[in-house]
Every structure is written in structure tokens, then in C-alpha cells.
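Report on the structure
Listed below are the residues making up each chain.
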Amino acid sequence: MCAQASDAVSRAPRLLFVVNDPGFFLSHRGQIAQGALERGYEVHVATPDVPEAVAEIRAMGLVHHRIPLNRGGRNPVSELRTLTALVRLMRHLRPDVVHEVTIKAVIWGGIAARMTRVPARVAAVSGLGQVFSGRDWQARALRQLAAPLYRAALGGPGRRVIFQNPDDRDAIGRLGVRLEGRAEMIRGSGVDLARFAPVPEPEGTPQVLMPARLLADKGVAEFVAAARQLRRDGLDARFILAGGHDPGNPASVAAPELARWRAEGIVEFPGHRPDIAALMQRSHLVVLPSYYGEGLPKALIEAAASGRAVVTTDMPGCRDAVIPGKTGLLVPPRDAAALAGAIGVLLADPGRRRAMGAAGRALAEDAFCVTAVVAAHLRIYDELTGRG
């Protein structure tokens, strides 16, 4: 017992990330983990096994642990398997801080951390997803089921909860989770201002970019319908939807529908693009008509940093990434006609569009810089571990 206590004092503080997708960890929390490593933390990452992404995590000097975490599944046996695996990992690892990211990781990781008495816990509520934004009876039923799980996961001492927008904070509060003194507001995952640098708009046919996974509730069908309407009205523009197919998500666009859109030829579907910064620089307008339960969409803050005006929906998270009328336009969700109108207005007025892009860059520099986001997370870790 004494030897264990001595080891806990002498070793570096141990930080464990629990995330449902290693690719998402790399794109949205990788720089935070790197900052913690440089700060002297021993950093571990628990995700499902996706070999290429896991190899990249290990190449960063982080320790990876494979866990069975099905993002879209609702099988009770599978969920119990996830919770059991996390309890075993935390009992073995004895982390000083657990940082849970994404919905299932927050719920099962939070409950496992309480069960194993992890002293400090950070939950990142980066959007509440389809369960909270859905309108059907299944979504309503799942919200009722989620309430006690969130209360169990987010309760107890040594807890901080990071929100990206006030609507999500209020929604979690309405579930009965006590947030007094525990809630932190950090606007998104941050953006690399050097990588996403503004350049003048290219000459020639205007290009409208939607950077998003091929999910129905990201507004994919509305984007296609808006492009179809604008082409019918005689607008000469390229419409590009850059994002990968996500078969593990129940909202994934069906393959036959995607095939019909490809055959129609109005919207280009290049798939996931690792060169998204260059693609934004070659575009004139960035669009995200999402009605998903977003936190603060990374695509929108990257567009702002790139000096591009945006059109997005008047939804939690999306509207928090925009100064309406100054850096972009808001449209009602699920409204393809309004989306087409906003796109048409900005394509027809280059001066206004470029002024919005310049204002977006200023907003990104003021509010979305990844360096400030990393520093905010390190402050929380330090405070929870007594290093602050």
C-alpha cells in the first residue's frame, strides 16, 4: 500500500482520454493531448481500434488502449461490454484525470470513472447529437433514457463539464445535472490559424463547399436540393460536398440515394479530403445546413479562419460560430429554398461576401485560436490535479 502511494506521488500525472473514434480524437483533441504531454502529463487514449489512426496516436508518443465502443449501436449487451472494459482499464491504469469526449464516451466513461473512483473527471459535451435534435418518438424515448445516465456520468466530486455552446449547457441542466461551479465554456476545438490562412478568392466560376460527413441531419439533402434549384435558376457555380460516408451512423445517407445524386451531376462528391484547408481556399463560400445536435462545428471555424463567408442554420452550435449578417448568414433548418436564397445572395454580391470573410478571420483570431483552446484545457487539468 505504501509503495503504491509513493508511486502515485513520484510519477507524472496520468491523463486518460476516452473517445469513440480515434480519427475524431486526432482532429479534435490531438493538439490538446500533445500540449498535455509537453506539460509533463503521461497521456493515454482509449478508443476503438482503427489501425491507421491508432498508429498515428502512438507516433505522437501517446499510449493507446483498445476498447469496444460502438458509436451507433443500442444493444444493451454491447453497451455493458463497453462499460465493463472501461472499468477494467481504469482499475488497471489508475488515471489521475479522465477526459471523456463524444456522447457515449461521456456516459460510459463517466460512469466507469465514478465506479473506479478516479479523482478528477472532465467531460466534453461537444454537441448532443441526434437524440436531442430528433423529433420522432424514438428520439424522445432515448432522451428519457439518457437523463439518468447523464446524471450518473456527470455527477460526483472532482468533475468539470466543458460545453461549446450555452444551449447544450442549458439542455444538460434541464436533465437534472447539477452544474454549479463545474461548467466551463470553451468555444470549439480550436483552429490552426497558420494552416487555415486567408487567401484572395480564386478567379473564375464560384465554388460552394459543404465540408461534412454524409449524414442526413448534416443537411446533405437540403444542400443538394438548393444546388438543384440554383442551377435551375441559371446560376453558374460548382457545388462540392466533401466528406466521408459514415456507415456506423444511423443517419448515414443511403447508398442508392447517394448514387442517384452522383448520376445527377449537380453536386460533386469527392469523399473525405485531408486537404480541406486548400479546398476552402479554392472556394468562395462555405455552407453547413446542419440540424444535427452540433457543439461548435469545426468546419465553420475553419471557414472563418480561411476568410470565407458561411451560410449555416439557426441551430445551437452552428449559430454560435457566426456573427449573423457580419461573418455569414443564418437560415432555418430543413429549408432548402431558404438555403438556396442565401447562397444566391452571397454569390451575387462578391463585395459583401469578401467583407464577411474578412470579419470571419477576425472572429477566428479573437475566439477560435487552437493555442488558446489548448491552454484552457491545460488550466483545467492543472487545477484538478493540484498543479494550478
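Fair warning: this is a prediction, and the values are worked out from it, not measured in the lab.

Each value, and the rule that gives it
- Residues numbered from 1 in each chain as written.
- Predicted model: local features only at pLDDT ≥ 70, side-chain atom pairs only at ≥ 80, totals over all residues.
- Heavy atoms only, no water.
- Helix = DSSP H or I, 4+ residues; strand = E, 2+ residues; numbered from the N terminus.
- Buried < 20%, exposed > 50% of the residue type's maximum accessible area, 1.4 Å probe, protein only.
- Contact = heavy atoms within 4.5 Å.
- Areas by Shrake-Rupley, 256 points an atom, 1.4 Å probe, with all protein chains shown as cover.
- Lys, Arg positive; Asp, Glu negative; His and termini not counted.
- Charge placed at Lys NZ, Arg CZ, Asp CG, Glu CD.
- Salt bridge = Lys/Arg side-chain N within 4 Å of Asp/Glu carboxyl O.
- Expected span 1.5 Å × (residues − 1).
- Arc of directions from axis to C-beta.
- Polar contact = N/O pair within 3.5 Å; in protein donor to acceptor, adjacent residues only side chain to side chain.
- Pairing = 2+ DSSP bridges.
- pLDDT = per-residue confidence, 0-100.
- Right-handed = clockwise from strand over helix to strand, strands pointing away.
- Axes fitted to C-alpha atoms, helices over the stretch in contact; angles between N-to-C directions.
- Core = buried A, V, L, I, M, F, W, Y, C linked by side-chain atoms within 4.5 Å.

1. A short note on the overall build of the chain
Along the backbone of the chain there are 16 helices and 13 strands. Counting across all 388 residues of the chain, residues that qualify as buried make up 55%. The contacts of the chain with a sequence gap of at least 6 include a subset with a gap of at least 24, amounting to 72%. In the form shown here, the chain has an accessible surface area of approximately 16400 Å², with 54% of it arising from carbon and sulfur atoms. Here the chain contributes 49 positively and 38 negatively charged side chains, and the mean placements of these two sets differ by 6 Å.

2. A short note on the pattern of salt bridges
In this structure the tally under the stated criterion is 20 salt bridges. Among the salt bridges present, the one from E184 reaches R379, with a minimum N-O distance of 3.1 Å. Taken together, the positions of E184 in strand β7 (residues 183-185) and R379 in helix α16 (residues 370-385) put the pair 195 residues apart, joining distant regions of the chain. Exposure remark for E184: the relative accessible area of 16% places this residue in the buried category.

3. Description of helix α14 (residues 336-347)
With 12 residues, α14 should reach 16 Å at 1.5 Å per residue; the first-to-last C-alpha distance of 16 Å fits that figure. Turning to α14, its buried residues number three or more, namely A336, L339, A340, A342, I343, L346 and L347. Buried residues in α14, looked at end-on, bunch into an arc of 165 degrees, giving them a common side. Two or three places before A337, at the opening of α14, D335 has a side-chain oxygen 3.3 Å from that residue's backbone nitrogen.

4. Examining the sheet that holds strand β8 (residues 207-211)
An order of β10-β9-β8-β11-β12-β13 is seen for the six strands of this open sheet, with the pairing classed as parallel. Two strands in the sheet have a free side with no partner beyond their single neighbour: β10 (267-268) and β13 (328-331). Sheet topology places strand β12 (residues 310-313) next to β13; four bridges connect them, and they run parallel. Residue V311 lies in a different strand from β13, and its bridge partner there is L329.

5. Things to note about the confidence of the model for the chain
Parts of the model with low pLDDT should not have their predicted coordinates read in detail. For the chain, the average pLDDT comes to 91, and 91% of its residues sit at 70 or higher. With pLDDT under 50 throughout, residues 1-8 is counted as low confidence; its partners more than four residues away or in other chains account for two contacts.

6. Considering the pairing of strand β4 (residues 97-101)
By the criterion of burial, β4 is predominantly enclosed, with five of the five residues buried. Burial along β4 is two-sided: the residues V97, H99 and V101 and V98 and E100 are all buried. Inspection of the sheet shows β4 paired to strand β5 (residues 120-125) by five bridges, in the parallel sense. Bridge pairing in β5 links E100 to A123. Handedness of the crossover joining β4 and β5 through helix α6 (residues 103-115): right-handed.

7. Overview of the sheet that holds β5
Taken together, seven strands build an open sheet; the order of strands is β3-β2-β1-β4-β5-β6-β7 and the sheet is parallel. If you trace the sheet from one side to the other, it starts and ends with β3 (63-66) and β7, each paired once. The mean inter-strand angle of the sheet, taken between neighbouring strand axes irrespective of direction, is 20 degrees. Bridge analysis of strand β6 (residues 159-163) against β7 gives three bridges, and the strand direction is parallel. Bridge pairing links V161 to A183 in β7. Docked against the sheet, α6 engages β1 (14-19), β4, β5 and β6, running at close to 160 degrees with respect to β4.

8. Re the side chain of T82
Positionally, T82 belongs in helix α5 (residues 76-93). The exposure class assigned to T82 is buried, which follows from its relative accessible area of 1%. Sequence-distant contacts of T82, defined by excluding residues within four places in its chain, comprise P68, L69 and W108.

9. Quick notes on the nonpolar core
Within the largest apolar cluster, 57 residues are counted, with the highest numbers of intra-cluster contacts made by F239, V267, V311 and I343. Excluding residues within four positions of it along the chain, F239 makes contact with V208, F223, A227, L230, R231, I266, V267, E268 and I343. Counting 33 residues, the second-largest nonpolar core is a separate cluster that includes V98, A112, V161 and F163.

10. Describing the pairing of β3
In this structure, strand β2 (residues 42-47) lies alongside β3, joined through four bridges in parallel fashion. Looking across to β3, one finds that H44 is bridged to V63. The parallel pair β2 and β3, bridged by helix α4 (residues 51-59), forms a crossover whose chirality is right-handed.

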